[in-house]
Amino acid sequence: MSPFFYNPWIWFLICLVCLLLCTYLPVKIKDPVHRKIASWVILVPVSLVLILYGYPVGIELFRRLAIHWN
């Protein structure tokens, strides 16, 4: 993976935006039909970004932090 993706600020911003979308949209959308569409079109891909990018990069960043801790 590119060093750009291991940047802690990029990781933090991507995870923050994804978590905000996952928590804000279901609360904001009141119509069940629109909520279901939003779940499939927005929330599932956003959750996949968190699972496939957020967790592995977070583990790597905190591993580096633990190794280089003085």
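That block above? That's the structure.
Going along each chain's sequence as written, the residues are numbered from 1 onward. This being a predicted model, a pLDDT of at least 70 is required before a residue's local features are given, and a value of 80 or more before pairs of side-chain atoms are given or counted; all residues contribute to the totals for chains, interfaces and linings. Side-chain measures were taken over the full set of non-hydrogen atoms in the model, leaving aside hydrogen atoms and water.

**A closer look at the pattern of salt bridges**
(1) Moving on: Each salt bridge in this description consists of a side-chain nitrogen of Lys or Arg and a carboxyl oxygen of Asp or Glu lying within 4 Å of one another. For the coordinates displayed, the defined rule picks out two salt bridges.
(2) Moving on: Glu60 is paired through a salt bridge with Arg64; the nearest N and O atoms lie 3.0 Å apart. Separated by four residues within a single helix, Glu60 and Arg64 lie in helix 2 (residues 32-67), roughly one turn from each other.
(3) Moving on: A relative accessible area of 17% places Glu60 in the buried class.
(4) Moving on: Each residue is placed in one exposure class: buried if its accessible area under a 1.4 Å probe, protein chains only, is under 20% of its type's maximum, exposed if it is over 50%, and partly exposed if it falls in between. Here Arg64 falls in the partly exposed class, since its relative accessible area comes to 37%. Here a helix means four or more residues in a row that DSSP labels H or I, a strand means two or more in a row labelled E, and each is numbered from the N terminus.

**Some thoughts on the packing of aromatic side chains**
(1) Moving on: Between the rings of Phe, Tyr and Trp (Trp by its six-membered ring), a pair exists once the centres lie within 6.5 Å; its type follows the angle of the planes, with under 30 degrees stacked, over 60 edge-to-face, and the other angles tilted. Per the counting criterion, the structure on display carries two aromatic pairs.
(2) Moving on: Ring geometry for Trp9 versus Phe12: centroids 6.5 Å apart, planes at 90 degrees, classification edge-to-face. Placement of both Trp9 and Phe12 in helix 1 (residues 8-28) is noted, with a separation of three residues, approximately one turn of the helix.
(3) Moving on: Relative accessible area serves as the criterion here: at 41%, Phe12 is assigned to the partly exposed category.
(4) Moving on: Ring geometry for Trp11 against Phe62: centres 6.0 Å apart, planes inclined by 80 degrees, an arrangement best described as edge-to-face. Placement of the pair is Trp11 in helix 1 and Phe62 in helix 2, with a sequence separation of 51 residues.
(5) Moving on: Classification of Trp11 by relative accessible area gives buried; the value is 18%.

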